[in-house]
Protein chains: 2
Amino acid sequence: MDVVLVSPRNPLNIGAVARAMANFGFDRLAVVAPFEPHWQEASSAVGAEGLLQNAKRTDSLAEAVARCTLVVGTGTLTYRKPEQKVVSLPALAPLVQQELARGGRVALVFGPEKHGLTREDLSWCQLLVEIPTDPRQPSMNLGHAVAVCLYELATRALPVQSGKPAPAPEAVEKSPAASSGSLDLLAGVIEETMTAAGYSPRSMQAANRHDLRLLLRRLAPGERDTRRILGLFRRILWRLKRAPAKD
Amino acid sequence: MDVVLVSPRNPLNIGAVARAMANFGFDRLAVVAPFEPHWQEASSAVGAEGLLQNAKRTDSLAEAVARCTLVVGTGTLTYRKPEQKVVSLPALAPLVQQELARGGRVALVFGPEKHGLTREDLSWCQLLVEIPTDPRQPSMNLGHAVAVCLYELATRALPVQSGKPAPAPEAVEKSPAASSGSLDLLAGVIEETMTAAGYSPRSMQAANRHDLRLLLRRLAPGERDTRRILGLFRRILWRLKRAPAKD
């Protein structure tokens, strides 16, 4: 399982996250556009210095989760209406377990300290998880939020713990979901196709891109189907560019 | 439920604990012999400043848990053999729920950052709880440990959340356990009696005191029984002091 921190401000929090990951047996950390350049030396990564050194740094969330098949966003949803399915943390373990059992890769994404994930960030997520907190004080410390989520998953979705192999998929009724990167690739080609087809007025593009991203994640096509759809759109796009329709 | 921090060194950790308590709806914090005098102004208590201001400061753990009927110690037990019953955190909720349902009061005790609770501290505990961590990196950040425990209890032993009243005890088959303070009072009188009776050589006193404390917590007498036993020992002591035995 991947832990992804989007634009964390305080290096001590990044170190504390690394420590919590080591506590619960997780080892893949990605940090998207961190605020401080020297975050990898954070003294708070007690016993997890190596994990922090090996953390991946990316410029975008899309890049950080590109290889993941289930991207789970975190945060409190008190002040916004989510566009994705929301589960409470105690209900997350079986979903993660199922995804891992069918050979998928799961990312748990945390936003910056002050404001959490943006609507834009969340559009890369298939699922939102909410830690059940007191409505009078829902805002959690970043390290605490990570620790609580990883405790829950390590305790109740055992195969996610590194060191233990995922159990052999007993009845893989669905093929693995497409990775986030495949969906982004497909979305790009679809968008280009829409523009080439004159379907999407330029002024609407940002909103369309957002909705398209969400749509693909709701559909959750498998990797093979994603490649099929991609092939289809590439073909359409090629046709559109070579010989624009007359009408 | 009471959260008790024994000799915390870093005020930022105390503030972070207060914040985690507010997140999960807990409000009684006690701090035993804190290292820094100005811990109540910790900036990390985001949204929990009032809780921190109202925290109780005591000189001893005995005083902090005196009114509690179930005292639960926390920590990793990799390097010592515990003298009490140990449960893994996921198994704690029903025990806490049961104690609250019969009118008891529960304390969750956390040790100092570096070394955790001492054997002496643990002798005030009836029960030890262990957070299931990776054996390669069991040492948790203090705030993380508190957050994980409170998340577990808030989610799986609902009545502990403040704001919600504890459910009416349906079938109170046992009377409430005696408070930690009552047991300490009893232990003191028993010890005095033992000394007066010449039973306890001075050189053995510290070890005896420790064993006696553990013994009383294993027996877990009710408040009424504790008062009865106390009355008995007081009577014996009075006799011993007034008229020492000839033989």
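So, how was this worked out
- Residues numbered from 1 in each chain as written.
- Chains lettered and ligands numbered in written order.
- Predicted model: local features only at pLDDT ≥ 70, side-chain atom pairs only at ≥ 80, totals over all residues.
- Heavy atoms only, no water.
- Axes fitted to C-alpha atoms, helices over the stretch in contact; angles between N-to-C directions.
- Helix = DSSP H or I, 4+ residues; strand = E, 2+ residues; numbered from the N terminus.
- Parallel < 35°, antiparallel > 145°, perpendicular 65-115°, else oblique.
- Left-handed = near helix turned anticlockwise from the far one by under 90°.
- Contact = heavy atoms within 4.5 Å.
- Nonpolar A, V, L, I, M, F, W, Y, C, P; charged D, E, K, R; others polar.
- Buried < 20%, exposed > 50% of the residue type's maximum accessible area, 1.4 Å probe, protein only.
- Pairing = 2+ DSSP bridges.
- Right-handed = clockwise from strand over helix to strand, strands pointing away.
- Least-squares fit on C-alpha atoms with pLDDT ≥ 70 in both.
- Phe/Tyr/Trp six-rings, centres within 6.5 Å; stacked < 30°, edge-to-face > 60°.
- Lys NZ or Arg CZ within 6 Å of the ring centre and 35° of its normal.
- Salt bridge = Lys/Arg side-chain N within 4 Å of Asp/Glu carboxyl O.
- Polar contact = N/O pair within 3.5 Å; in protein donor to acceptor, adjacent residues only side chain to side chain.

A closer look at the packing of helix α6 (residues 142-156) of chain A against helix α6 (residues 142-156) of chain B
Link 1 in the chain: Orientation of α6(A) relative to α6(B), taken along the N-to-C sense of each, is 60°, at an axis distance of 9 Å. Taken together, the axes of α6(A) and α6(B) lie oblique to each other. Along this stretch, α6(A) crosses α6(B), giving a crossing that reads as right-handed. Along its contact with α6(A), which presents Gly143(A), His144(A), Ala147(A), Val148(A), Tyr151(A), Glu152(A) and Arg156(A), the element α6(B) presents Gly143(B), His144(B), Ala147(B), Val148(B), Tyr151(B), Glu152(B) and Arg156(B).
Link 2 in the chain: Within the contact of α6(A) with α6(B), the residues separate by chemical class into 6 nonpolar, 4 polar and 4 charged.

Overview of the pairing of strand β1 (residues 2-6) of chain B
All names here are of chain B.
Link 1 in the chain: When you tally the buried positions in β1, you get 5 out of 5 residues, the bulk of the element.
Link 2 in the chain: Residues Asp2, Val4 and Val6 point to one face of β1 and Val3 and Leu5 to the other, with burial holding for every one of them.
Link 3 in the chain: As paired strands, β1 and strand β2 (residues 28-32) are joined by 5 bridges and run parallel to one another. Directly across from Asp2, in β2, lies its bridge partner Arg28.
Link 4 in the chain: Where the polypeptide runs from β1 across helix α1 (residues 11-23) and back to β2, its parallel neighbour, the crossover connection is right-handed.
Link 5 in the chain: Judged from the 4 bridges that link them, β1 and strand β6 (residues 106-110) form a sheet pairing that is parallel.

Considering the relation of the copies chain A and chain B
Related by rotation about an axis and a shift along that axis, the two copies of the chain form a pair.
Link 1 in the chain: Between chain A and chain B, the superposition needs a rotation of 180° and an axial shift of 0.1 Å, giving an RMSD of 0.1 Å. Both copies are brought into coincidence by an operation consistent with a two-fold rotation axis.
Link 2 in the chain: Both copies contact each other with a shared surface, as 100% of the interface residues of chain A are interface residues in chain B too.

Overview of the packing of aromatic side chains
Link 1 in the chain: Inspection of every chain in the model, using the stated rule, returns 2 aromatic pairs over all chains.
Link 2 in the chain: The interplanar angle of 65° and the centroid separation of 6.0 Å between the aromatic rings of Phe24(B) and Tyr151(B) together place this pair among those described as edge-to-face. Taken as a pair, Phe24(B) in the loop between α1 and β2 and Tyr151(B) in helix α6 lie far apart in primary sequence, 127 residues in all.
Link 3 in the chain: Relative accessible area serves as the criterion here: at 0%, Phe24(B) is assigned to the buried category.
Link 4 in the chain: The ring of Trp124(A) has Arg213(A) sitting right over it, with the charged end atom 3.6 Å from the ring centre.

Description of the sheet that holds strand β3 (residues 56-58) of chain A
All names here are of chain A.
Link 1 in the chain: Read across the open sheet, the 7 strands follow the order β3-β2-β1-β6-β4-β7-β5; overall the sheet is parallel. The open sheet is flanked by β3 and β5 (85-88), the only strands paired with a single partner. Going across the sheet, the axis of each strand differs from the next one's by a mean of 25°, ignoring polarity.

Things to note about the pattern of salt bridges
Link 1 in the chain: For the structure on display, the rule yields 18 salt bridges over all chains.
Link 2 in the chain: A salt bridge links Glu120(B) to Arg213(B); its shortest N-O distance comes to 3.8 Å. Taken together, the residues span a long stretch of sequence, with Glu120(B) in helix α5 (residues 119-122) and Arg213(B) in helix α8 (residues 205-219) at a distance of 93 residues.
Link 3 in the chain: Taken together, the salt bridges that share partners define one network made up of Glu152(A), Arg156(A), Glu152(B) and Arg156(B).

Some points on the environment of Ser60(B)
Residue and element names in this part refer to chain B.
Link 1 in the chain: Relative to the elements of secondary structure, Ser60 occurs in the loop between β3 (56-58) and α3 (61-64).
Link 2 in the chain: Residue Ser60 is classed as partly exposed on the basis of its relative accessible area of 28%.
Link 3 in the chain: Each C-alpha atom of the pair Ser60 and Ala18 lies 20 Å from the other, and the pair is 42 residues apart in sequence.
Link 4 in the chain: In terms of polar contacts, Ser60 uses its side chain to reach the backbone amide nitrogen of Glu63, at 3.1 Å.

Quick word on the environment of Ala220(A)
Link 1 in the chain: Structurally, Ala220(A) can be placed in the loop between α8 (205-219) and α9 (223-242).
Link 2 in the chain: Sequence separation between Ala220(A) and Gln126(A) is 94 residues; the distance between their C-alpha atoms is 8.2 Å.

Some remarks on unusual backbone geometry
Generally, phi is negative for residues other than glycine and the peptide bonds are trans, each holding for most cases.
Residues and elements named next belong to chain A.
Link 1 in the chain: A positive phi angle, near 45°, is found at Ser7, a position not held by glycine.
Link 2 in the chain: In this structure, Ser7 sits in the loop between β1 (2-6) and α1 (11-23).
Link 3 in the chain: We classify Ser7 as partly exposed; its relative accessible area is 32%.
Link 4 in the chain: Not every positive phi belongs to a glycine, and Ala33 is a case in point at roughly 45°.
Link 5 in the chain: Looking at the element boundaries, Ala33 is found in the loop between β2 (28-32) and α2 (49-53).

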